[in-house]
Amino acid sequence: MADVEYGVGIGWRPEISGFVAELPGLRFAEVVAESVHAHGDLPAGLSELLERGVTVIPHGVRLGLGGAEAVDPDRVRHLATVAERVGAPLVSEHIAFVRAGGVEAGHLLPLPRSRDAVDAMVANVRRTQAELAVPIALEPIAALFDWPDDELSEADFITEILDRTGAHLLLDIANVYANARNRGTDPLELLDKLPLDRIAYVHVAGGDEHDGLYHDTHTHATPQPVLDLITELCRRHRPPALMLERDGDYPPAGELRSELDAIAAASGYHPIT
Amino acid sequence: MTESLAARQAALVEALTSGKPVPHGIDGFRFEAARTALLRKRAGEVSRQWPMLAASFGARWKREFADWAAARPTQGSLRDGWDLARELHARGSLKGAAAEEFAGREAAMRYDGASAPHPRRTPAWRSAAGAVVVQFRGRVRVIRRAG
């Protein structure tokens, strides 16, 4: 994935399958790994994309690689199987935990930035890599709250996990924006400290403010400051691929096209619409 | 001796999903914002699986679902909606299209309330407000009573 420039892509969802199918310049898309059956038929729209030669990246959301417990081998096997089925050059998951003590959180939760959390994350990434035929990229999440007593800065925490696992970085630029805004820190400072040459691809999404906190909703339009951050990122090191994530309240096709064009303009890649 | 990562993670998930107090050292306002966002996201996911159930609440859906779900960790959106629909059905407050949607699910799948629902292998029927829902070989049909 890191050797080929894919340009602008989009997260494939059944609700916008028709829209995605009609994007003439599309070269890559992402699919939520848990939404694809390991053995049954692939969703119709997804098969069409594959036949067109569009690269499809399975994106896991339920492995819980940052959990203190060992990752469930069935979930790893499912991810590996989906990757094989769609011929993916890469898969991705999050630096997060999603369950603990037998209870599902239903959401991606932030890890404490501590040594033991790095160890737990690294152990689970290695267990996953052992079953995968392709590399994995890891995505730092947006968090509304932080744990007390963090031992590492965000950049050091991410870099150490990547260094110890050899994983690629899936950088969500909207998460960088959300975290910096909610913590009152400088997003450019984080970009300057992250290993940008390790980026496999980039997520872009919209959000909304409630009671002074910015929520990374994926159901609103991408705000201008996030597009500006894309430009800043590309000035430092242009990633090979960037994609829009939209997960509900789908706007008319024209608005989605404008968002894809805005990402192309901000990154200097060709429009795909 | 610091608390283990496993214990800290378990306490956090329990607080988030069971309405328990915010874990020590975490900003209460931000944690509540995360809890509310999570419940609203769950409401959105359940409304995709149970569109008629959600529609029956109109504009109150997200708030009502969030109240119901605040102390119930998710079992996935299919089961979450199913559990809520069963409660409403037992109280006799499931009406119209939401009642038909519920009857259709009950006829199509076997759900024990504790593990993943499975498709029924045998024909089944359920009555809903003003209609009967029949499932035969996996196909579900709604038969409305005349008048």
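In this text, all values refer to a predicted model and were calculated from it rather than measured experimentally.

Details of the packing of helix α4 (residues 61-69) of chain B against helix α5 (residues 77-90) of chain B
Working note: a packed helix pair is described by the angle between its axes plus the distance between those axes. Residues and elements named next belong to chain B. With their axes 12 Å apart at the nearest point, α4 and α5 run at an angle of 90° to one another. One element, α4, and the other, α5, form an angle in the roughly perpendicular class. Where α4 abuts α5, its residues W61, F65 and W68 lie against D80, D83, L84 and E87. Residue composition of the contact of α4 with α5, grouped by class: four nonpolar, no polar and three charged.

Remarks on unusual backbone geometry
Of note, the phi angle at D211 of chain A is positive, near 45°, even though the residue is not glycine. Among the structural elements, D211 of chain A can be located in the loop between β10 (208-210) and β11 (213-215).

Quick word on the interface of chain A and chain B
In this complex, chain A contributes 29 residues to the contact, which on the side of chain B involves 23 residues. Carbon and sulfur atoms make up 69% of the area that chain A and chain B hide from each other, which totals about 2300 Å². Seen at the junction of chain A and chain B, the total is zero salt bridges. Looking at the side of chain A that touches chain B, the elements that each hand over two or more residues are β5 (97-100), β6 (103-109), α4 (115-131) and β11 of chain A. Sort the elements by how many residues they give to the side of chain A that touches chain B and β6 of chain A lands first, with six residues.

Structural notes on the pairing of β6 of chain A
Residue and element names in this part refer to chain A. As paired elements, β5 and β6 share three bridges and run antiparallel to each other. Bridge pairing in β6 places F97 opposite L109. Counted along the chain from β5 to the antiparallel partner β6, the turn is two residues long, and its residue G101 has a positive phi close to 60°.

A short note on the packing of aromatic side chains
Residue and element names in this part refer to chain A. Enumeration over the complete set of coordinates arrives at nine aromatic pairs over all chains. Here Y177 and Y214 contribute two aromatic rings whose centre-to-centre distance is 5.0 Å and whose plane-to-plane angle is 85°, an arrangement assigned as edge-to-face. Of the two residues, Y177 sits in helix α6 (residues 173-183) while Y214 sits in strand β11, which places them 37 residues apart along the sequence. Note on accessibility: Y177 and Y214 belong to one class, buried.

Re the UniProt feature "domain: SCO6045-like C-terminal" (unreviewed entry) in chain B
Within this structure's numbering, the places UniProt gives as "domain: SCO6045-like C-terminal" (unreviewed entry) are residues 6-89 of chain B. Secondary structure within residues 6-89 of chain B divides into 74% helix and 0% strand; the distance between the first and last C-alpha atoms comes to 39 Å.

As for the layout of surface pockets
Considering only enclosed or pocket space, the second largest pocket measures out at about 380 Å³ in volume. Considered class by class, the residues forming the lining of the second largest pocket number five nonpolar, three polar and seven charged.

Digging into α4 of chain B
Residues three or four positions apart in an α-helix share a direction because the helix packs 3.6 residues into each turn. All names here are of chain B. Among the residues of α4, W61, F65, A66, W68 and A69 are the ones counted as buried. Looking down the long axis of α4, one finds its buried residues gathered within 165° of arc, a one-sided arrangement. In this structure, α4 carries R63 and D67 as exposed residues pointing more than 90 degrees from its buried face. Those residues of α4 that are buried lie in contact with α1 (5-18), α2 (28-49), α3 (51-55) and α5.

Regarding the environment of G67 of chain A
Note that G67 of chain A resides in the loop between β3 (55-59) and α3 (73-85). Here G67 of chain A falls in the buried class, since its relative accessible area comes to 7%. The contacts of G67 of chain A, once residues within four sequence positions are left out, are A96, F97, A120 and N124 of chain A together with Q9 of chain B.

Cut-off values and rules
- Residue indices follow the written sequence of each chain, beginning from 1 at its first position.
- Whichever chain is written first is A, and whichever ligand is written first is 1; the rest continue in order.
- Predicted model: local features are reported for residues with pLDDT of at least 70 only, side-chain atom pairs are reported and counted for 80 or more only, and whole-chain, interface and lining totals are derived from all residues.
- To get the side-chain values, take all heavy atoms of the structure and skip hydrogens and water.
- To obtain an axis, a line is fitted to C-alpha atoms, over the contacting stretch when the element is a helix, and the angle between two such axes runs from 0 to 180 degrees between their N-to-C directions.
- Elements are defined by DSSP. Helices are runs of H or I of four residues or more, strands are runs of E of two residues or more, and each kind is numbered from the N terminus.
- We call two directions roughly parallel when the angle between them is under 35 degrees, roughly antiparallel when it is over 145, roughly perpendicular when it lies between 65 and 115, and oblique otherwise.
- Any pair of residues with heavy atoms lying within 4.5 Å of one another is described as a contacting pair.
- For this classification, Asp, Glu, Lys and Arg are treated as charged, while Ala, Val, Leu, Ile, Met, Phe, Trp, Tyr, Cys and Pro are nonpolar and the rest, including Gly, are polar.
- Summed over both partners, the accessible area lost on bringing two parts together, with a 1.4 Å probe, is the buried area.
- Criterion for a salt bridge: a side-chain nitrogen of Lys or Arg within 4 Å of a carboxyl oxygen of Asp or Glu.
- If DSSP finds at least two bridges between two strands, the strands pair.
- Only rings of Phe, Tyr and Trp enter the pairing, Trp through its six-membered ring, and a pair is recorded when the two centres are within 6.5 Å. The plane angle decides the type: under 30 degrees is stacked, over 60 is edge-to-face, the rest tilted.
- Exposed residues in this analysis have more than 50% of their type's maximum accessible area, buried residues have under 20%, and partly exposed residues fall in between, with area computed by a 1.4 Å probe over protein chains only.
- UniProt positions are given in the numbering used here, feature names are shortened, and annotations may be inferred rather than shown by experiment.
- A pocket here means an open set of points on a 1 Å grid, computed over the protein atoms alone, that has protein on both sides within 12 Å along at least five of seven lines. A cavity is instead a set of points where a 1.4 Å probe fits but cannot get out; residues with an atom within 4 Å of a point line either one.
- Grid points are joined across faces, edges and corners, and a volume is the space filled by probe spheres set on the points.
- The directions from the helix axis to the C-beta atoms form the arc being described.

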